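As a plain string of letters, each chain reads:
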Amino acid sequence: MSEQQTTPAFTAGPIWRDANVRSGPSLNSPILQLLLPDDGVSYEAVGWARGDEVIEGTIISDIWLLLSPGLWCSAVNFDQDTMAGIPADAELAD
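In this report, we go over the structure that sits alongside the text. In this numbering scheme, every chain counts its residues from 1 along its sequence in written order. pLDDT decides what is reported in this predicted model: residues at 70 or higher carry local features, side-chain atom pairs at 80 or more are listed and counted, and totals for whole chains, interfaces and linings draw on all residues regardless. For the side-chain quantities, the full set of heavy atoms in the structure was used; hydrogens and water were omitted.

### Concerning the environment of Phe78
What counts is decided by this rule: Runs of E in the DSSP output that reach at least two residues are strands. Runs of H or I that reach at least four are helices, and both are numbered from the N terminus. Note on contacts: a residue pair qualifies if any of its non-hydrogen atoms lie within 4.5 Å across the two residues.
In this fold, Phe78 is placed in the loop between strand E6 (71-74) and helix H1 (80-83). Between the C-alpha atoms of Phe78 and Ala12, which are 66 residues apart in sequence, the distance is 6.7 Å. Aside from chain neighbours lying at most four places away, what touches Phe78 is Ala12, Gly13, Pro14, Ile15, Trp16, Tyr43, Leu65, Leu67, Cys73 and Met83.

And the structure:
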């Protein structure tokens, strides 16, 4: 089980590539939705967790964003400058 961080909602911003939304922070979790790139659509995350490592070109990350309950998306799909601002000192959720 991953360690989930909870924070106040934060802006993840638009995605830059086709992104699978899964039921958990794992590549083995079922795909529930496909998000297409659209600079006009910005996403909010309500939390994050460390999960399976995802590689997209030169970007490697094990951070997954919780977009809403049960909907997870890898951080590699979002702007990496924005992802660098994820509050790493948030308290661990039980």
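### Overview of the pattern of salt bridges
The condition that has to hold: By definition, a salt bridge exists where a carboxyl oxygen of Asp or Glu is found within 4 Å of a side-chain nitrogen of Lys or Arg. Burial classes: relative accessible area under 20% of the type maximum marks a residue as buried, over 50% as exposed, and values in between as partly exposed (1.4 Å probe, protein chains only).
With the rule as written, the count across this model stands at 2 salt bridges. One salt bridge in this structure joins Glu56 and Arg17, with 2.8 Å as the shortest N-O distance. Taken together, the residues Glu56 in strand E4 (residues 43-56) and Arg17 in the loop between strand E1 (4-13) and strand E2 (19-22) connect sequence positions 39 residues apart. A relative accessible area of 25% places Glu56 in the partly exposed class.

### Re the side chain of Asn77
So the rule is basically this: Pairs of N or O atoms within 3.5 Å make up the polar contacts considered here, provided that, within protein, one atom can donate a hydrogen while the other can accept it, and that residues adjacent in sequence are counted only when both atoms are side-chain atoms.
Examined against the element boundaries, Asn77 turns out to sit in the loop between E6 and H1. A distance of 2.4 Å separates polar atoms of two side chains, one belonging to Asn77 and the other to Arg17. Engagement of the side chain of Asn77 in a polar contact is seen with the backbone oxygen of Ser74, the distance being 3.1 Å. Not counting residues up to four positions away in its chain, the partners in contact with Asn77 are Pro14, Ile15, Trp16, Arg17, Asp18 and Ala19.

### Digging into the nonpolar core
Stated formally: What makes a nonpolar core is a set of buried Ala, Val, Leu, Ile, Met, Phe, Trp, Tyr and Cys residues whose side-chain atoms join them at distances within 4.5 Å.
By size, the foremost hydrophobic cluster in this structure holds 16 residues, and its most contacted members are Ile15, Leu35, Tyr43, Leu65, Leu67, Phe78 and Met83. Taken together, the elements giving at least two residues each to this core come down to E1, E2, E4 and strand E5 (59-68). In terms of nonpolar packing, the next biggest core, distinct from the first, is built from 6 residues, Ala49, Val54, Trp72 and Val76 among them.

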